[in-house]
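# Inside the fold
Here are the chains, one letter per residue:
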Amino acid sequence: MSSPARTILRTESKLFLREPGAMFWIMAFPTLLVVILGSIPSFRDPSKGLDGARVIDLYVPISILLSAIMASIQSMPGVMAGYREQRVLRRVATTPARPFDLLAAQYVLHGAAVVVSAVLVLLVGRIAFDVKSPGSAGAYVLVLTLALAACLAIGGVIGGVAPTARISTAIGTLVFFPMMFTAGLWAPVQTMPHGLRTVVELTPGGAAARGLDQAALGHWPSAHFVLVLVVWALVAAGAAARYFRWE
Amino acid sequence: MSIIQIRGLRMTYGTKVAVDGLDLDVAEGEILGILGPNGAGKTTTVECIAGLRRPGEGSVQVASLDPYVDRTAITPLMGVQLQQAGLQAKLTVREALELYASFYDHPRDGLELAERLGLSESIDVRYAKLSGGQQQRLAIALALIGRPRIALLDELSTGLDPRSRRDVWGLVEEAREGGATVILVTHLMEEAHRLCDRLALIDHGRITAIDSPEGLVARSAAPTIMAFTPSQPVDTGALWDLTGVTDVRQHGERIELAGDDDSVTAALGWLARHDVRVGRLRVTESTLDDAYLDLTGDPVLTEEN
């Protein structure tokens, strides 16, 4: 990595830490959600409808996905569109640094924040509510990585085409709710009626939730879910690169 | 060999022609001022030199490179202050200087630059909290921090108070002493006169005049202005007919006559012959402002008015 890219990443990480709102929703809120749900006694009992799993077991991966979606869809596009709108990219374009480095830093930092949040969620789930560590750690990491890549790429499309930070936040909010619904925030994917479930499993949130659930139980995720995530990540990344507006 | 060479540059936005066949050569070590009315194509020209825009037609060469294509080679040589360019809202002055210094191999001391530009007290203030003038001074510091061989400064002193303006001028003169070539877009005649070796007037996307500041003044239709209060009413029509006179105006009792040196002699002779005594006589050379007005027909924009 060239030196300007490194100093840009260092500077952007300082700036990222100065956004208490983003920090809270990405890094603290998902864990808080696990704590709140875990405090409801019935959610800690095995449920017949869930093949003997507990509600809290299902909400650990959902909370991690919540963090990924918050970071990618709600936070990152606003930063990108703001840098375009405020002509930060333009000023950097006149120097030996590349404006692309500023954008790359956003992917790296938001991705890293999600990883931290995921570790927190898993630790708190394990320690406070006895949620078993993922049965297949490798599979869990794989699905999470693909899900994060898909979410960040979708956020990259929003941040790339929205002309202003405000518009990108508005688009982000519009995309946020369907993504959280498909990830199972309101009702875990497993509990959805069959027809709806088939459709939801084609979305990045749905495929990721199911894949993480399988990995948590120690299985290798179905190829179907992995494929859905890979396709979303590739298509969105392609669109983000193709349609990004520098001005 | 000129360090900046523009040939037949033409830029259009939709149907609007911003730059229309512009040629320009800038010698190394020169400070070139670009003057012209708003919308004349000044900023577009600067952005083409900076390599931010691809020339529609024609060519732009900077230090024998194509600034739009050879980004890696050209950016270390250039410092650019754009009219519209921001910084991250929560970045402090110190952090901005450190960040931009890290982009170059032999940067200047950011704290010293800040001190020179009166930013020392705001060194830990975030960009969004700075006043417009402070943001402007920071932009200049960032443009000069890499010791550029070529500095492009678009509206250098817009929004600056007279004191900061002089600080900035000092830095530009210093950069030139260090061998830098400077292109300066300005609306301030005082700035143009004091700093620039040559001035280029751009109007409707073309260079309409290019000369030293003194040369431009001399080209003005009426380089000399004579003002006086006559002892008795004077037939201004007769003054119009005198040699070299281009304008006669009466302001109350006072008469202002524009022309050249010969018209002054002629007017004084005519007045003596008609027994008019001349009170409070003032003869002044016309200024760059007048020359500018003459050559563009555009009202001068100075911050003072």
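Just so you know, these numbers come straight off a predicted model, no measurement behind them. (Residues numbered from 1 in each chain as written. Chains lettered and ligands numbered in written order. Predicted model: local features only at pLDDT ≥ 70, side-chain atom pairs only at ≥ 80, totals over all residues. Heavy atoms only, no water.)

Here we take up the sheet that holds strand 4 (residues 57-62) of chain B. Residue and element names in this part refer to chain B. The 3 strands lie next to each other as 2-1-4, forming an open sheet whose pairing is antiparallel. The sheet terminates laterally at strand 2 (16-27) and strand 4, the two strands that pair on one side only. Taking the axes of each pair of neighbouring strands and ignoring which way they run, one obtains an average angle of 15° across the sheet. Across the face of the sheet, helix 1 (residues 42-49) comes into contact with strand 1 (2-13), strand 2 and strand 4 while running at roughly 125° to strand 1. (Pairing = 2+ DSSP bridges. Helix = DSSP H or I, 4+ residues; strand = E, 2+ residues; numbered from the N terminus. Axes fitted to C-alpha atoms, helices over the stretch in contact; angles between N-to-C directions. Contact = heavy atoms within 4.5 Å.)

Summary statistics for chain A give a mean pLDDT of 93 and a share of 99% for residues scoring 70 or more. Here helix 8 (residues 194-200) of chain A stands out as the element of chain A with the lowest mean pLDDT, 92, in contrast to helix 6 (residues 137-161) of chain A, whose mean of 96 is the highest. (pLDDT = per-residue confidence, 0-100.)

Right, let's get into the packing of helix 3 (residues 55-85) of chain A against helix 9 (residues 204-216) of chain A. Residue and element names in this part refer to chain A. One can describe the packing of helix 3 onto helix 9 by two numbers: an axis separation of 9 Å at closest approach and a directional angle of 135°. In terms of their interaxial angle, helix 3 and helix 9 are classed as oblique. Taken as a pair, helix 3 and helix 9 cross one another with a handedness that is right-handed. Taken together, the residues of helix 9 that come into contact with helix 3 (itself represented by Leu58, Pro61 and Leu65) are Gly205, Ala208, Ala209, Leu212 and Asp213. Of the residues assigned to the contact of helix 3 with helix 9, the class counts are 6 nonpolar, 1 polar and 1 charged. (Parallel < 35°, antiparallel > 145°, perpendicular 65-115°, else oblique. Left-handed = near helix turned anticlockwise from the far one by under 90°. Nonpolar A, V, L, I, M, F, W, Y, C, P; charged D, E, K, R; others polar.)

Turning to the domain arrangement of chain B, a few remarks are in order. Here chain B is described as being made up of domain 1 (2-215) and domain 2 (221-285). In this structure, domain 1 of chain B and domain 2 of chain B have C-alpha centres spaced 43 Å apart. (Domains from an automatic or database assignment.)

This next bit is on the interface of chain A and chain B. Contact residues are listed per partner, giving 25 residues for chain A and 27 residues for chain B. Taking both sides of the interface into account, the surface hidden between chain A and chain B amounts to around 2300 Å²; carbon and sulfur atoms contribute 54%. Together, Arg18(A), Arg91(A) and Thr94(A) form the three largest contributors to the area buried by chain A at its contact with chain B, with a combined 32%. For the interface between chain A and chain B, the tally reads 4 salt bridges. (Buried area = accessible area lost by both parts, 1.4 Å probe. Salt bridge = Lys/Arg side-chain N within 4 Å of Asp/Glu carboxyl O.)

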